[in-house]
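For reference, the chains in residue letters:
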Protein chains: 2
Amino acid sequence: MRTVLAMGRPRAFDEDEVVRAAVGLFGGRAYDGVSVDDLVTHLGVHRNSLYKTFGSKRGLYLIALRRHLADDVRPLLDALADAKDAEGALRLVTSADLRLLLLAAIERSPVDEEVAFEVTSALDSVDRAIADALGVPTDVATALTAAALGILLRGNPDKVATALTRHLGPLTRKGT
Amino acid sequence: MRTVLAMGRPRAFDEDEVVRAAVGLFGGRAYDGVSVDDLVTHLGVHRNSLYKTFGSKRGLYLIALRRHLADDVRPLLDALADAKDAEGALRLVTSADLRLLLLAAIERSPVDEEVAFEVTSALDSVDRAIADALGVPTDVATALTAAALGILLRGNPDKVATALTRHLGPLTRKGT
DNA sequence: GAAATAAAGGAACGATCGTTCTTGACTGAT
DNA sequence: ATCAGTCAAGAACGATCGTTCCTTTATTTC
């Protein structure tokens, strides 16, 4: 408990909005392809406030990544709990916005172990959600997650997912 | 036809070796994460020769990408022609070294349309090879390629591929 | 050997990188 | 009204980026 003697000038930016915008920017191009100038220009926050609030560019990136996991992956996990078969699970994953997670997995994980940890545990939680919902072994769930990520990677998720699940779905339908 | 009056000092580096090494470097981290200093240090070529021979960093990247397609993807296509079922095709793709292609697809294609063209046609050729070998519709082949890429993305390709093909293989066996 | 050509070797370029410093504007409590 | 504390605004930092220039060395043809 410390006594507040003065409050100071109030912020002119919304921290939540800034982090959400950072998720969009970092989800659109590689980490090194997003400069601090880009962040300052597109996020409505000024250099000083960015460093005061988030510590560094990497600090903002990590916060944005965790926000992405909380806002976009966590709801996916909840939805997956009600999945009835592999087709349904694949549809849920391939229709989610996982661009930042995908980019983080492929280009930051190899060089940033803190990112690697977040990515690994996020993907593992997707695996577990699928395994629990469908009652399939974990390695099958991992394979399903992998297939969904590959579909996201190629773009046109809807068309491709349809083809895959048309063949894969019946095999893992719950209770057969 | 021009008359050669003098030959000049011979190269002290092997152009093929340099390009192969560049494939390794660019396949290991993001484009912006590989500096020209890195290239000069690890490739055994000096700045001047790099620019004289390849034009620019991006020029070397494009040449390395095409070399990757010729050395690593083309043999995969040939091998896929003999694939008997989806399991075999998936095994072939997931055991290939496609790191540069994967990285190019996810982090360069969005910002470099020449890269995007190479990546798209390479992935399309994999689709066609699978479709031709297995006699499946092209969208199913696209889905299989996507699944294989997702498996590569997650690491541990062998274990995961086994699980996926155990369920997927029988469905698309040739002639059933 | 002399002239011509091409590569090696390295210094140096302007631009941009992430980060920090300085100054002034604004706020709440005394 | 004053003071303390926070933020905005933007200049400025050293480091590194991709690229170019210059000099030296090596080789072939005359």
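Residues numbered from 1 in each chain as written. Chains lettered and ligands numbered in written order. Predicted model: local features only at pLDDT ≥ 70, side-chain atom pairs only at ≥ 80, totals over all residues. Heavy atoms only, no water.

**Here we look at the environment of Thr-145 of chain B**
- As for its position among the elements, Thr-145 of chain B is in helix 8 (residues 138-154).
- Taking the C-alpha atoms as reference, Thr-145 of chain B lies 9.2 Å from Asp-124 of chain B; in sequence the two are 21 residues apart.
- With residues up to four places along the chain from it excluded, the contact list for Thr-145 of chain B reads Arg-154 of chain A together with Val-126, Asp-127 and Ile-130 of chain B.
- Among the polar contacts made by the side chain of Thr-145 of chain B, one reaches the side chain of Asp-127 of chain B at a distance of 2.6 Å. (Helix = DSSP H or I, 4+ residues; strand = E, 2+ residues; numbered from the N terminus. Contact = heavy atoms within 4.5 Å. Polar contact = N/O pair within 3.5 Å; in protein donor to acceptor, adjacent residues only side chain to side chain.)

**Considering the nonpolar core**
- Phe-26 and Ile-130 of chain A together with Phe-26 and Ile-130 of chain B are the most contacted members of the largest nonpolar core, which has 116 residues in total.
- Sequence-distant contacts of Phe-26 of chain B, defined by excluding residues within four places in its chain, comprise Tyr-31, Val-34, Leu-39, Lys-57, Leu-60, Tyr-61, Ala-64, Leu-100 and Leu-103 of chain B. (Core = buried A, V, L, I, M, F, W, Y, C linked by side-chain atoms within 4.5 Å. Buried < 20%, exposed > 50% of the residue type's maximum accessible area, 1.4 Å probe, protein only.)

**Notes on the packing of helix 5 (residues 86-94) of chain B against helix 7 (residues 113-134) of chain B**
Residues and elements named next belong to chain B.
- It is at 10 Å that the axes of helix 5 and helix 7 come closest, and there the two elements cross at 155°. Considered as vectors, helix 5 and helix 7 are oriented roughly antiparallel to each other. Between helix 5 and helix 7 lies a crossing whose hand is right-handed. Here Ala-86, Ala-89 and Val-93 of helix 5 lie close against helix 7, whose contacting residues are Val-126, Ile-130 and Leu-134.
- Here the residues of the contact of helix 5 with helix 7 sort into six nonpolar, no polar and no charged. (Axes fitted to C-alpha atoms, helices over the stretch in contact; angles between N-to-C directions. Parallel < 35°, antiparallel > 145°, perpendicular 65-115°, else oblique. Left-handed = near helix turned anticlockwise from the far one by under 90°. Nonpolar A, V, L, I, M, F, W, Y, C, P; charged D, E, K, R; others polar.)

**Regarding the pattern of salt bridges**
- Scanning the model with the defined rule gives 28 salt bridges over all chains in all.
- As a salt-bridge pair, Arg-47 of chain A and Asp-37 of chain A come within 2.6 Å of each other at their nearest N and O atoms. With a gap of 10 residues between them, Arg-47 of chain A in helix 3 (residues 47-54) and Asp-37 of chain A in helix 2 (residues 36-43) connect regions that are remote in the sequence.
- A relative accessible area of 42% places Asp-37 of chain A in the partly exposed class.
- In this structure, Arg-154 of chain A and Asp-124 of chain B form a salt bridge, with 3.7 Å as the shortest nitrogen-oxygen distance. Separated into two different chains, Arg-154 of chain A in helix 8 (residues 138-154) and Asp-124 of chain B in helix 7 make up a pair that spans both.
- Connected through shared salt-bridge partners, Asp-16, Arg-20, Arg-67, Asp-71 and Asp-72 of chain A make up one network. (Salt bridge = Lys/Arg side-chain N within 4 Å of Asp/Glu carboxyl O.)

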